[in-house]
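# Examining the three-dimensional arrangement
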Amino acid sequence: KMMSDLGICPFTSGPNMAGLPMGKVFYTVDRVTKMEEMYVKYWDEVIRVEQNPEKELSTTLFIVPEFCIGNIELFENFCNTLTQPLESLQVEVR
């Protein structure tokens, strides 16, 4: 709701719909803390989105409140390692 109300994401239409084409948002919370576990959980979410039609599931909001807590640099480095595989799979295009 915050994303759409504040206009942060132009592809969001309320808390349950987002993307192009517009589809449902899946929310998941995980208490993962280790890097290896995070990679597994992250790719589980990529597979979830890829295996569903876009109009049924457009995106997933993966909430990991305990991952890299207090270490934003480590979190940013982790995120940077995800870009190249997504581009190679043509899931995300720059």
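Everything below is about the structure printed above this text.
Because the structure is predicted, anything quoted here is derived from the model rather than measured.

The next thing to look at is helix α2 (residues 35-50). Between its terminal C-alpha atoms α2 stretches 23 Å, which fits the 22 Å expected from 16 residues at 1.5 Å a residue. All of the buried residues in α2 are Met38, Tyr42, Glu45 and Val46. Across the axial projection of α2, the buried residues extend over an arc of 100°, all falling on one side. The inward-facing, buried residues of α2 contact β2 (23-29), β3 (59-63) and α3 (72-88).

Next up on the list: the nonpolar core. Val32, Met38, Tyr42, Val46, Phe62, Val64, Phe67, Cys68, Phe78, Leu82 and Leu86 form the largest nonpolar core, which has 11 residues in total. For this core, the secondary structure elements donating two or more residues are α2 and α3. If near-sequence neighbours (up to four positions away) are discounted, leucine 82 is found in contact with Tyr39 and Tyr42.

Another aspect to go through is the pairing of β2. Examined bridge by bridge, β2 and β3 share five bridges and lie parallel to one another. Its bridge partner being in β3, valine 29 is matched across the sheet by isoleucine 63. Between β2 and its parallel partner β3, the chain crosses via α2, and the hand of that crossover is right-handed.

What follows concerns the packing of α2 against α3. Running from N to C, α2 and α3 cross one another at 40°; their axes reach a closest spacing of 12 Å. The angle between the axes of α2 and α3 places the two elements in the oblique class. As for the relative orientation of α2 and α3, their crossing is right-handed in sense. Counting all contacts with α2, which are made through Met35, Met38, Tyr39, Tyr42, Trp43 and Val46, the residues of α3 involved are Leu74, Phe78, Thr81, Leu82, Pro85 and Leu86. In terms of residue class, the contact of α2 with α3 is made up of 11 nonpolar, one polar and no charged.

Criteria and thresholds
- Residues numbered from 1 in each chain as written.
- Predicted model: local features only at pLDDT ≥ 70, side-chain atom pairs only at ≥ 80, totals over all residues.
- Heavy atoms only, no water.
- Helix = DSSP H or I, 4+ residues; strand = E, 2+ residues; numbered from the N terminus.
- Expected span 1.5 Å × (residues − 1).
- Buried < 20%, exposed > 50% of the residue type's maximum accessible area, 1.4 Å probe, protein only.
- Arc of directions from axis to C-beta.
- Contact = heavy atoms within 4.5 Å.
- Core = buried A, V, L, I, M, F, W, Y, C linked by side-chain atoms within 4.5 Å.
- Pairing = 2+ DSSP bridges.
- Right-handed = clockwise from strand over helix to strand, strands pointing away.
- Axes fitted to C-alpha atoms, helices over the stretch in contact; angles between N-to-C directions.
- Parallel < 35°, antiparallel > 145°, perpendicular 65-115°, else oblique.
- Left-handed = near helix turned anticlockwise from the far one by under 90°.
- Nonpolar A, V, L, I, M, F, W, Y, C, P; charged D, E, K, R; others polar.

The quantities given are spatial measurements derived from coordinates; they are silent on function.
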